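# Structure at a glance
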Amino acid sequence: MSEPKTVDQLLTIGVRVLDDSTHLFDDHDHDDEAQELLAMVLDVDDLDEVPDDHVPGRRERERFLALIARRAGGEPFPFLTGRIEIYGLSLKVRPGAFVPRPSSELTIDLAVKKLKRKKKAIVVDVCAGQGPIALCIAHELDEAEVFGCDIDAGGLEQGRRNAKELGLRNVKFLAGDMYAPLPKRLKGNVDLIVGHVPYVPMDEIEDLPAEVREYEPLYTLSDESVDGLTLMRRAVDESVPWLAPGGWLMLELAEDLSKKVLKMCKKAGFTDLKVRSDEDELSVVVEGRLPKGRTPAR
Ligand SMILES: C[S@@+](CC[C@H](N)C(=O)[O-])C[C@H]1O[C@@H](n2cnc3c(N)ncnc32)[C@H](O)[C@@H]1O
């Protein structure tokens, strides 16, 4: 093809370059990504506003092709646009922390449905990162008190900025190891704990595409153990003293880990154990509940 000039030609070349990249996960929609980048460059909400044969200016064409090249080189898509949309919220994203994923929408949806009839629920998001799960739950359940904990203070700061931008006053971000930063008054009183804990076994890290391996810190992906489950085990065992009797634990993970994590939950005393997944099975959540009669730990 000669130098692409029209919107249609630019999109065709953009999608082809993204399709040919070996640095990206297979499951991204490259048509959507190319369209979103071109719309951003042309400063329109939707490319439908622009005729297919429109010829963008030279600067716009170069900017679009440069963005496509960065994406094809593995740069996470939200770094190019500065934002990601999750569960209807537009969240600002900062490099240097785990990149929030729309695949967390299943976790958010399950949590919101469990608690929608509960007044003033207390929710904890352990390993909250930039806080997408905590923010969306806080937005959906405005009477809930939501806490997001993570060891990465930079990611949490972005969570706070998003909370401020969205006007959410019912979510707090606390820095520290697993549940350690939570206020003591929550012991035995938390209605639901969600966790998207690092779980990639160390020997699988090198198989991840560059968009993950090169842009997300190792400690956000893996606890560096052989089975990848050291932090997951802690998330399960250490949740028990914080949960209220009848409280829920929900862990977002890879399908191949679900059996092992169900076993861990059973051993820790959880009942009503289920593996939940979305239609394309890209998202998987293990959920369990503490028995109602369980005496809260002091
Ligand atoms: C897979 S990321 C998930 C982040 C966020 N929940 C999300 O879905 O975007 C895992 C997170 O665990 C955090 N983390 C790693 N070790 C931790 C620890 N010992 N205590 C608390 N958080 C930890 C990382 O900083 C990272 O933000």
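Just so we're clear, the structure is a prediction, and the values are computed from it rather than from any experiment. Position labels on residues start from 1 in each chain and follow its written sequence. Local features in this predicted model are restricted to residues whose pLDDT is 70 or higher, and side-chain atom pairs enter the listing and the counts only when it is 80 or higher, whereas totals over whole chains, interfaces and linings include all residues.

Turning our attention to the overall build of the protein. Strands here are runs of E lasting at least two residues and helices are runs of H or I lasting at least four, both read from the DSSP assignment and numbered beginning at the N terminus. Within the protein, the secondary structure is distributed over 11 helices and nine strands. When we talk radius of gyration, it's over C-alpha atoms, and the globule rule is simply 2.2 Å times the number of residues to the 0.38. Since a compact globule built from 298 residues should have a radius of gyration of about 19 Å, the 21 Å found for the protein is in line with a globular shape. With 298 residues in all, the protein has 39% of them scored as buried. Counting other C-beta atoms within 10 Å of a residue's C-beta gives its exposure: the residue is buried at 20 or more, exposed at 12 or fewer, and partly exposed in between, where C-beta atoms are placed from the backbone.

A few words now on the site of the ligand. Only the C-beta atom matters for this test: placed from the backbone, it must lie within 6 Å of a molecule or strand for the residue to be near it. Near the ligand you find 20 residues, and of these Phe98, Cys127, Gly129, Asp152 and His196 are the closest. Classifying every residue of the shell around the ligand gives 11 nonpolar, six polar and three charged. When residue character is reported, Ala, Val, Leu, Ile, Met, Phe, Trp, Tyr, Cys and Pro are called nonpolar, Asp, Glu, Lys and Arg charged, and the others, Gly included, polar.

Taken together, the buried positions of helix H5 (residues 105-115) are Leu106, Thr107, Ile108, Leu110, Ala111 and Leu115. The secondary structure elements touched by the buried residues of H5 are strand E3 (122-126), helix H6 (132-140), strand E6 (190-195), strand E7 (243-253), strand E8 (271-277) and strand E9 (284-289). Any residue pair is listed as a contact if its two C-beta atoms, each placed from the backbone, are within 7 Å.

The next thing to look at is the domain arrangement of the protein. An automatic or database domain assignment provides the domain bounds reported here. Domain annotation of the protein identifies domain 1 (7-74) and domain 2 (96-289). For domain 1 versus domain 2, the distance between C-alpha centres works out to 33 Å. Counting residues at the interface gives five residues for domain 1, matched by six residues for domain 2. Split by residue class, the side of domain 1 that touches domain 2 holds two nonpolar, two polar and one charged.

When you line up the elements, Phe25 lands in the loop between helix H1 (7-20) and helix H2 (30-42). Judged by local crowding, Phe25 falls into the exposed class, with 9 C-beta atoms found within 10 Å. For the pair formed by Phe25 and Gly74, sequence separation is 49 residues and the distance between their alpha carbons is 9.3 Å. For Phe25, the residues in contact, after removing those within four places along its chain, are Pro209 and Glu211.

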